[in-house]
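Coordinate analysis (summary)
What follows is each chain in one-letter form.
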Amino acid sequence: MKPDRVDPALTIRADFARLPADVVAAAAKLPTATLHEAGGKIGALPSVIKPVDPGMRCAGSALTVHSPPGDNLWLHRALEVARPGDVMVVFAQGA
């Protein structure tokens, strides 16, 4: 039998292992394709997703969020969990 609602306490990891600062700094200097290949060629975003400015760079520990469409509650919860240096990666059910 399926529960009527999801208990956030069972689905939110409030703490997770972050990458060491020296690893993030080294990764920030490498091209995305190099990191993708070194990581086993998994998890690449569609090529249509690009920075607003081609010169922008971002590196950090991924804080992943899986959110139902039209519901930003999970984003608010993620903001409570996020620490400086985290990069939020959000899947909002196609929204």
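The paragraphs below set out a description of the structure included in this document.

This model, assessed by the stated rule, comprises zero aromatic pairs. Looking at Arg-18, its charged tip hangs above the ring of Phe-16, at a distance of 3.8 Å from the centre. Geometry around Trp-74 places Arg-77 over its ring, the cationic atom sitting 4.5 Å from the centre.

For the rest of this paragraph, the subject is the pattern of salt bridges. In total, this model carries three salt bridges according to the counting rule given. In this structure, Asp-86 and Arg-18 form a salt bridge, with 2.7 Å as the shortest nitrogen-oxygen distance. Of this pair, Asp-86 sits in the loop between α4 (73–81) and β2 (87–91) while Arg-18 sits in the loop between α1 (8–11) and α2 (21–28), and the two are 68 residues apart along the sequence. With a relative accessible area of 21%, Arg-18 lands in the partly exposed category. Bridged by salt links that share partners, the residues Asp-15, Arg-18, Arg-83 and Asp-86 form one connected network.

With that settled, consider the environment of Asp-71. Among the structural elements, Asp-71 can be located in the loop between β1 (62–66) and α4. Judged by relative accessible area, Asp-71 falls into the partly exposed class, the value being 30%.

The rules we used
Residues numbered from 1 in each chain as written. Predicted model: local features only at pLDDT ≥ 70, side-chain atom pairs only at ≥ 80, totals over all residues. Heavy atoms only, no water. Phe/Tyr/Trp six-rings, centres within 6.5 Å; stacked < 30°, edge-to-face > 60°. Lys NZ or Arg CZ within 6 Å of the ring centre and 35° of its normal. Salt bridge = Lys/Arg side-chain N within 4 Å of Asp/Glu carboxyl O. Helix = DSSP H or I, 4+ residues; strand = E, 2+ residues; numbered from the N terminus. Buried < 20%, exposed > 50% of the residue type's maximum accessible area, 1.4 Å probe, protein only.

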